[in-house]
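Summary of the model geometry
One-letter residues, chain by chain:
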Amino acid sequence: HSGEIDIMEHLNSDIFVYQTVHTPYTDKQGSKATPPIQHKALFYSGKYNIYSVEITEDSVSFEVNGLHTFSYPRVPGVEDQYIFTRQNHYLMLDMQIGGDSWVGRVDPATFPVDMQIDYVRFYQRKHN
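It should be emphasised that the depicted structure is a prediction, and the values quoted were computed from it without experimental measurement. The numbers attached to residues start from 1 for each chain and follow its sequence in the written order. This being a predicted model, a pLDDT of at least 70 is required before a residue's local features are given, and a value of 80 or more before pairs of side-chain atoms are given or counted; all residues contribute to the totals for chains, interfaces and linings. Based on all heavy atoms of the structure, the side-chain values leave hydrogens and waters out of the count.

A few points about the sheet that holds strand β3 (residues 38–42)
Rule in force here: Strand pairing is assigned whenever DSSP identifies at least 2 bridges connecting the two strands. Each helix corresponds to a stretch of at least 4 residues labelled H or I by DSSP, and each strand to a stretch of at least 2 residues labelled E; elements are numbered beginning at the N terminus. Only the stretch in contact is used when fitting a helix axis, every axis being a line fitted to C-alpha atoms; angles between N-to-C directions are given from 0 to 180 degrees.
As summarised here, the arrangement of the 3 strands in space is β1-β2-β3, forming an open sheet in which the pairing is antiparallel. Every other strand in the sheet has two partners, leaving β1 (4–9) and β3 as the edge strands with one partner each. Across the sheet, the axes of successive neighbouring strands diverge by a mean angle of 15°, strand direction being ignored. Across 5 bridges, strand β2 (residues 16–22) lies against β3 in antiparallel orientation. Each residue of the ladder has a partner; that of Q19, found in β3, is H39.

Written as structure tokens, this is what we have:
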């Protein structure tokens, strides 16, 4: 119920990554278009990329390599639509290899695989 922000999801050999938000409004009520909850962003294949997200009182904004790619805005008066400032969240770094209909079947020829992370930084704004 606290929402989920997918800063980067990459499937198989796609040339883009997905950036997505999930809330009770988007998942339970099925409101995925107003406002849009997902964007496909280009990235540098085979290189390190910098994925960023900024959460404010009014929006969740995404960047890839310093370029703004997508924003999910607060819609005033819509219950459970924008819940990202209600509580603290967890940061998860995950690599999914197949297992559902969205990602698809795993080709054993793709193994071994690895996920390399150079660094993770977290900043929190000071409230006056």
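Brief notes about the side chain of Q19
Defined as follows: Between N or O atoms, a polar contact is any pair within 3.5 Å; within protein, one atom must be a potential hydrogen donor and the other a potential acceptor, and residues adjacent in sequence are included only when both atoms are from side chains. Two residues qualify as a contact provided that any one of their heavy atoms is within 4.5 Å of a heavy atom in the partner residue.
Along the chain, Q19 falls in strand β2. Reaching out from Q19, the side chain makes a polar contact with the backbone oxygen of I7 at a distance of 3.4 Å. Residues in contact with Q19, not counting those within four places in the same chain, are D6, I7, I37, Q38, H39, A41, F62, E63, V64, T69 and F70.

A look at the side chain of T26
Filter applied, for reference: Whether a residue is buried, partly exposed or exposed follows from its accessible area with a 1.4 Å probe, protein chains only, as a fraction of its type maximum: under 20%, in between, or over 50%, in that order.
Inspection of the secondary structure assignment puts T26 in helix α1 (residues 24–27). In this structure T26 comes out as buried when scored by relative accessible area, which is 0%. A distance of 2.8 Å separates a polar atom in the side chain of T26 from the backbone nitrogen of T23. Apart from residues lying up to four places away in sequence, T26 is in contact with V21, S31, K32, I37 and Y72.

Some words on a nonpolar patch on the surface
Threshold: Each patch groups residues whose relative accessible area exceeds 30% and which form no salt bridge, using 9 Å between like charges and 5 Å between nonpolar side chains of Val, Leu, Ile, Met, Phe, Trp and Tyr. Note on areas: these come from Shrake-Rupley sampling with a 1.4 Å probe, and a residue is covered only by the protein chains present in the view. Any Lys or Arg side-chain nitrogen found within 4 Å of a carboxyl oxygen on Asp or Glu counts as a salt bridge.
Side chains of L91, L93, M95, I97, V106, F111, V113, M115, I117 and V120 sit close together on the surface and give an oily, nonpolar patch of about 840 Å² of accessible area. Turning to its location among the elements, I97 is positioned in the segment after β6 (67–73). On the basis of relative accessibility, which here comes to 36%, the residue I97 falls in the partly exposed class.

Considerations on unusual backbone geometry
Even without being a glycine, N65 presents a positive backbone phi close to 55°. Here N65 shows up in the loop between β5 (59–64) and β6. A positive phi angle is found at D80, which is not glycine, with a value near 60°. Along the chain, the position of D80 falls in the segment after β6.

Observations concerning the sheet that holds strand β4 (residues 51–55)
Reading across from one edge, β4-β5-β6 is the order of the 3 strands in this open sheet, with antiparallel pairing throughout. This sheet does not close on itself; its edge strands, each paired only once, are β4 and β6. Strand-to-strand, the axes of this sheet are offset by a mean angle of 15°, without reference to chain direction.

Some details on the environment of E9
With respect to the helices and strands, the residue E9 is situated in strand β1. Looking at E9, the relative accessible area reads 22%, which means it is partly exposed. As for E9 and K40, which are separated by 31 residues in sequence, their C-alpha atoms are 9.5 Å apart.

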